[in-house]
Amino acid sequence: PLGEVTFDGVRVPRENLLGEEGQGFKIAMASLDVTRIDVASIALGLSRAALDAALRWLVVRFSKLYSLALNARLQDQVAQLERQRLQLKRRVREVSALVRSSALISSTLDLNRVLSLILEQLAEVVQYDRASIMLRFESNLRIIAAKGFANDEDVVGTSFDPSQNELSRRLLEDDAPIVLADVRDEPSWLSPADPTRSWIGVPLKFRDEIIGALAIDKDELGFYDEEDGRTVLAFANQAAIAIENAR
């Protein structure tokens, strides 16, 4: 429930302020954003209850009409409902993680902290072994955040010329995720000897300008699909906003 409290002539000591002066609206909106998770959780619970009720009804209704053909059709319906339930659950996790990332962006201007937290939130939705966020500096791409490497600090600061590699050029020229089910099928893969098998690369786009890229990889073959690519792109948009805010 929401309500209104009016203060008339009340003085609040500075040490009792919540957050910084002038940031009240952002704090209030961040609090409202969190309630969306509760609404999504309720919807997921109702959907699961409806699924359980539907399954019970189907079992009772068709128990006397059992046949191989009917059973096969019933199993297909159950499988379809289960896929829908899993897809809904995945969307709830994705929205929840994006809401938390949005709140983080509005709560601090510490770019390194924000990018690290964005990668952590991404891992809750799309699993990866390694992840990196790259930013354009003139004609080069420089890694400004990394997670999952043997030594993340050694990776951060690494620069390379994307024009020297076909895959990097596509990543910065296309306005869509690139999903590789097997990097060994990609002729322009930079490191054929590393353990990576599945890879996703998405551009960091702010307004109409591509300012960098985000990439994740997995040592398991065929681990990612196009839906994963769209999810990573959503987090890349969050990272682009955080970078521009810091600038």
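One can find the structure itself at the top, above this paragraph.
For the structure given in this document, a descriptive report is provided here.

Broken down by element type, the protein chain carries 6 helices and 6 strands. Helices (α) and strands (β) of the protein chain occur, in sequence order from the N terminus, as α-α-α-β-β-α-β-α-β-β-β-α. Counting across all 247 residues of the protein chain, residues that qualify as buried make up 34%. Of the contacts made within the protein chain by residues no fewer than 6 positions apart, 56% connect residues no fewer than 24 positions apart. Put simply, the protein chain shows about 15600 Å² of open surface, and 53% of that area lies on carbon and sulfur atoms.

Attention now goes to unusual backbone geometry. It is generally the case that most residues other than glycine have a negative phi and that most peptide bonds are trans. With a phi close to 55°, Glu138 is a non-glycine residue in the positive phi region. Structurally, Glu138 is set in the loop between β1 (130–137) and β2 (140–147). Note on Glu138: relative accessible area 82%, which makes it exposed. The backbone phi angle of Arg207 is positive, close to 60°, even though this residue is not glycine.

A cluster of nonpolar side chains, namely Val5, Phe7, Val10, Val12 and Leu17, defines an oily patch on the protein surface of about 520 Å² accessible area. Locating Val5 in the fold gives a position in the segment before α1 (24–62).

Attention shifts here to the packing of aromatic side chains. Within this structure, the stated rule accounts for 2 aromatic pairs. Judged by centre distance (5.8 Å) and plane angle (75°), the rings of Trp189 and Trp199 are edge-to-face. Linking Trp189 in the loop between β4 (178–180) and β5 (198–206) with Trp199 in strand β5, this pair joins segments that are 10 residues apart in sequence. Trp199 carries the same exposure label as Trp189, and that label is buried. On the basis of an interplanar angle of 85° and a centroid distance of 5.3 Å, the ring pair of Phe223 and Tyr224 is categorised as edge-to-face. Judged by relative accessible area, Tyr224 falls into the buried class, the value being 6%. Between Arg142 and the ring centre of Phe137, over which it is positioned, the NZ or CZ distance is 3.9 Å.

On to the sheet that holds β4. Here 6 strands make up an open sheet; going across it, the order is β3-β2-β1-β6-β5-β4 and the pairing antiparallel. The open sheet terminates on both sides in strands that have one partner only, identified here as β3 (159–160) and β4. Pairing between β2 and β3: 2 bridges, direction antiparallel. Residue pairing in the sheet places Leu141 in a bridge with Phe160 of β3. Of the strands in this sheet, β1, β2, β3, β4, β5 and β6 (209–218) are in contact with helix α5 (residues 166–173), which crosses β5 at around 40°.

Among the nonpolar cores identified, the biggest contains 27 residues, and Leu122, Ile133, Leu204, Leu214, Ile216 and Val232 are the most heavily contacted of them. Among the elements of the structure, α3 (111–125), β1, β2, β5, β6 and α6 (226–246) are those that each provide at least two residues to this core. With 7 residues, α6 is the single largest residue contributor to this core. Once residues within four sequence positions are removed from consideration, Leu204 is found in contact with Ile133, Met134, Glu209, Ile210, Ile211, Gly212, Ala213, Leu214, Ala236, Ala239, Ala240 and Ile243. If you look at the next biggest cluster of nonpolar residues, it comprises 16 residues, including Val183, Trp189, Trp199 and Ala215.

One can find Leu221 in the loop between β6 and α6. Relative accessible area serves as the criterion here: at 48%, Leu221 is assigned to the partly exposed category. In the structure, Leu221 is positioned 23 residues away from Ser198 in sequence and 5.6 Å away in space, judged by C-alpha atoms. When residues no more than four places from it in sequence are discounted, the contact partners of Leu221 are Ala181, Asp182, Arg197 and Ser198.

Rules used throughout
- Residues numbered from 1 in each chain as written.
- Predicted model: local features only at pLDDT ≥ 70, side-chain atom pairs only at ≥ 80, totals over all residues.
- Heavy atoms only, no water.
- Helix = DSSP H or I, 4+ residues; strand = E, 2+ residues; numbered from the N terminus.
- Buried < 20%, exposed > 50% of the residue type's maximum accessible area, 1.4 Å probe, protein only.
- Contact = heavy atoms within 4.5 Å.
- Areas by Shrake-Rupley, 256 points an atom, 1.4 Å probe, with all protein chains shown as cover.
- Patch = residues over 30% accessible without salt bridge, like charges linked within 9 Å, V, L, I, M, F, W, Y side chains within 5 Å.
- Salt bridge = Lys/Arg side-chain N within 4 Å of Asp/Glu carboxyl O.
- Phe/Tyr/Trp six-rings, centres within 6.5 Å; stacked < 30°, edge-to-face > 60°.
- Lys NZ or Arg CZ within 6 Å of the ring centre and 35° of its normal.
- Pairing = 2+ DSSP bridges.
- Axes fitted to C-alpha atoms, helices over the stretch in contact; angles between N-to-C directions.
- Core = buried A, V, L, I, M, F, W, Y, C linked by side-chain atoms within 4.5 Å.

Keep in mind these numbers describe shape, not what the thing actually does.
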